[in-house]
Amino acid sequence: MPSPSRIRSLLLNRYTAFLTVVFLYIALSPIIELTRGIWHMEVPLLLYLYHCLNRLTRPSRWQPLVTALPLFTLYLGHDYYFLRFARVPQWAEFTQLSELLGVIDLGMGLLLGALILFPLLFWTAFLKRPPYRVRGLLATLLLLLPVIALFASPIFYHTAFINIFKRLSVEVIYYSTVINVEKNGRLTTSLYHEAKRRETLKSLVNYRDVQQLSLRLPAELTRHANGKNVHLIVLESFLDPTLFDKLPKSIKPVHPDYLKLVGKGQSLSVSPIFGGYTAQPEFEVLCGVPAFQEFDEVEFNIFTGSKTYCLPALLRELGYASLASNAYKPEFFNTILAYKSIDFDAVHFAKEYTPTLESYLSKGEGGEENKFFFDEDLFAQNLAYVRQQMEKKRPFFNYVLTVYGHFPFDLGPRAGPPLFESSELPEAVVKILNQHYYRTKALAGYIKQLIAMDPTSLIVLVSDHLPPLPGGIGEYDRLGYFQTATDRLLVNRLLVFREGKIEKQGKFAHFNIYRLILDFVTDHAYCRAMPCNFGYPVDREALRNDYRTLIGLASQ
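Residues numbered from 1 in each chain as written. Predicted model: local features only at pLDDT ≥ 70, side-chain atom pairs only at ≥ 80, totals over all residues. Heavy atoms only, no water.

Draft legend 1. View of the environment of Tyr309. Secondary-structure assignment places Tyr309 in the loop between helix 12 (279–287) and helix 13 (311–317). Taking the C-alpha atoms as reference points, Tyr309 and Asp546, 237 residues apart in sequence, are found 9.9 Å from one another. Residues contacting Tyr309, with those up to four places away along its chain left out, are Leu213, Leu215, Arg216, Leu217, Leu314, Glu317 and Leu550. Within the local environment of Tyr309, its side chain forms a polar contact with the backbone nitrogen of Leu217, the two atoms lying 3.1 Å apart. A distance of 2.7 Å separates polar atoms of two side chains, one belonging to Tyr309 and the other to Glu317. (Helix = DSSP H or I, 4+ residues; strand = E, 2+ residues; numbered from the N terminus. Contact = heavy atoms within 4.5 Å. Polar contact = N/O pair within 3.5 Å; in protein donor to acceptor, adjacent residues only side chain to side chain.)

Structure follows, in structure tokens:
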């Protein structure tokens with residue numbers, strides 16, 4: 001029979017304490033459960049990683065804490081990301097680090113960098129001296145070999161890793177990373193999804209036959225092309241504060257000109273994403289299929305410039321030119337190659353970002369302080385460009401992507417003075433209130449002039465996604481943003497002006513804007529010939545093969 005001291009040593013040690021804290025954290029976490037998958041994979045992996053970290057550091061009274069800190073930082077960072085963006089981080093998202101650094105303000109960047117790097121630097125300060133003898137090197141290598149093999153296998157042996165994961169997991173849900181994390185753990189699920197991404201990426205070779213594409217335009221539709229222009233404006237983080245149930249009644253954040261113009265004709269559209277990744281809504285509205293994220297977290301990342309079959313290509317068959325104006329940097333989300341694959345006839349970025357390319361856009365007054373190009377400045381330049389295009393007497397598709405309204409929601413030097421203050425609301429929301437007033441003023445002026453200049457056109461304006469708020473997704477619940485809707489964090493503003501008059505839509509999906517446009521330019525012949533389900537929800541799965549083919553063509 002074990003002695004009491006032996007029992008105490010088994011129960012009261014760093015590993016027991018570590019497991020106790022892990023279990024308490026998992027039990028209290030909003031996104032994970034103590035299920036069989038956790039016991040089979042996540043807990044053994046955590047224990048082994050903790051063991052390795054302990055073996056690699058010098059013994060001291062701080063050793064148990066020093067070695068646990070990196071692992072808890074990993075968990076905390078994962079959960080912070082989830083609570084802020086309503087999605088689980090994956091390996092592929094590390095490719096977006098340059099984009100994050102490009103838009104985040106310096107103070108926030110330094111804070112996040114310190115929070116991430118401090119535990120690692122703290123741990124390295126306690127590292128043992130590297131073993132110089134062969135025996136010591138071999139012992140260290142043998143210790144780390146299982147970890148190296150585990151983290152390398154999703155990259156080099158993805159099929160084998162997927163099969164093992166499926167055998168050990170509680171359940172694998174192909175449509176939800178969040179549910180997989182709930183059932184099987186954070187670290188192991190991230191490894192699984194990276195293996196799955198690489199396996200599906202390899203399968204793209206099977207999806208490069210344009211004849212498989214059901215979205216191809218029937219030849220007879222070219223007879224129905226009406227030659228009316230289309231203006232599609234995707235608005236960065238255009239959060240309408242009037243949709244907050246708990247907004248104080250005394251605050252009126254919408255410009256009177258905008259209210260008069262839109263009346264009760266505002267609509268709603270459902271974005272594929274919350275909190276970021278503007279390229280996802282872009283992909284949907286331009287290519288007409290859901291952004292399934294089957295091959296990458298951002299579809300544009302795997303576009304090579306090879307032509308695919310999206311809206312510009314279809315409109316070209318109807319006699320249209322397609323022109324893109326992007327208010328931000330071209331290196332974000334592989335935009336240059338993505339737009340080349342989508343097949344725009346002309347693409348314009350601000351001259352300050354593309355000094356070697358010909359462009360009509362310039363950030364102009366405000367310079368570097370106008371980093372997030374003010375809407376009114378962008379719209380004024382686009383109107384002059386539209387006027388030039390109309391003189392060419394060829395129908396055209398005018399696509400505009402704005403950037404004003406991006407986090408951290410600063411007014412900037414070109415908008416005007418702040419008009420609203422409130423101690424009841426978070427600071428970020430107060431900033432958005434002030435931005436919204438000036439954004440709606442700019443929108444009203446732009447739409448009025450577009451209608452006067454091009455009265456028979458279709459004008460579609462849609463927000464790309466809701467912005468992340470510092471208080472996370474709970475901030476939207478506290479402010480009463482579509483609280484009863486399961487897709488509440490994906491619901492965005494949509495405006496449709498058909499030949500000068502606002503047109504109220506039912507709840508829409510972003511990828512159906514593509515069909516709305518094609519139906520308009522063919523006088524409704526498109527939706528007589530092709531499936532056009534404008535209701536919501538939509539059967540997304542019916543479009544998966546078209547999605548794969550579009551991605552396959554674009555990734556050659």
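So much for the structure itself; the text now carries on.
Draft legend 2. Structural context of helix 2 (residues 14–28). The end-to-end C-alpha distance of helix 2 is 21 Å, a good match for the 21 Å that 15 residues give at a rise of 1.5 Å each. Here helix 2 has its buried residues at Phe18, Val22 and Ile26. One side of helix 2 carries all its buried residues, which in axial view fall inside an arc of 65°. Pointing more than 90 degrees away from the buried face of helix 2 are the exposed residues Leu24, Ala27 and Leu28. (Expected span 1.5 Å × (residues − 1). Buried < 20%, exposed > 50% of the residue type's maximum accessible area, 1.4 Å probe, protein only. Arc of directions from axis to C-beta.)

Draft legend 3. Representation of the environment of Arg208 within the structure. Looking at where Arg208 falls in the secondary structure, it is placed in the loop between helix 10 (186–202) and strand 1 (230–235). Put simply, Arg208 and Ser555 are 347 residues apart on the chain and 8.9 Å apart in space, counted from C-alpha to C-alpha. Setting aside its immediate chain neighbours within four residues, Arg208 contacts Gly552, Leu553, Ser555 and Gln556. Of note is the side chain of Arg208, whose polar atom sits 2.8 Å from the backbone oxygen of Gly552. Within polar-contact distance, the side chain of Arg208 engages the side chain of Ser555 at 2.9 Å.

Draft legend 4. Just the pattern of salt bridges, in detail. Evaluation of the coordinates by the stated rule reveals 15 salt bridges. Residue Glu294 is joined to Arg544 by a salt bridge in which the shortest nitrogen-to-oxygen separation is 2.9 Å. Of this pair, Glu294 sits in the loop between helix 12 and helix 13 while Arg544 is found in helix 20 (residues 544–554), placing the two residues 250 residues apart along the sequence. Residues Asp345 and Arg316 are paired through a salt bridge, measuring 2.8 Å at the closest nitrogen-oxygen approach. Highlighted residues: Asp345 in the loop between helix 14 (335–342) and strand 4 (346–349) and Arg316 in helix 13, separated in sequence by 29 residues. A single network of salt bridges, built from pairs that share partners, joins Glu294, Glu541, Arg544 and Arg548. (Salt bridge = Lys/Arg side-chain N within 4 Å of Asp/Glu carboxyl O.)

Draft legend 5. Spatial organisation of the state of the cysteines. Tallied over the entire structure, the rule returns two disulfides. In this model Cys287 forms its disulfide with Cys310; the gap between the sulfur atoms is 2.0 Å. Judged by the sign of its S-S torsion, about 90°, the bond between Cys287 and Cys310 is right-handed. You can see Cys287 sitting in helix 12 and its partner Cys310 sitting in the loop between helix 12 and helix 13, a full 23 residues away along the chain. We classify Cys287 as buried; its relative accessible area is 0%. What pairs with Cys527 in a disulfide is Cys532, and their sulfur atoms sit 2.2 Å apart. (Disulfide = S-S within 2.5 Å.)

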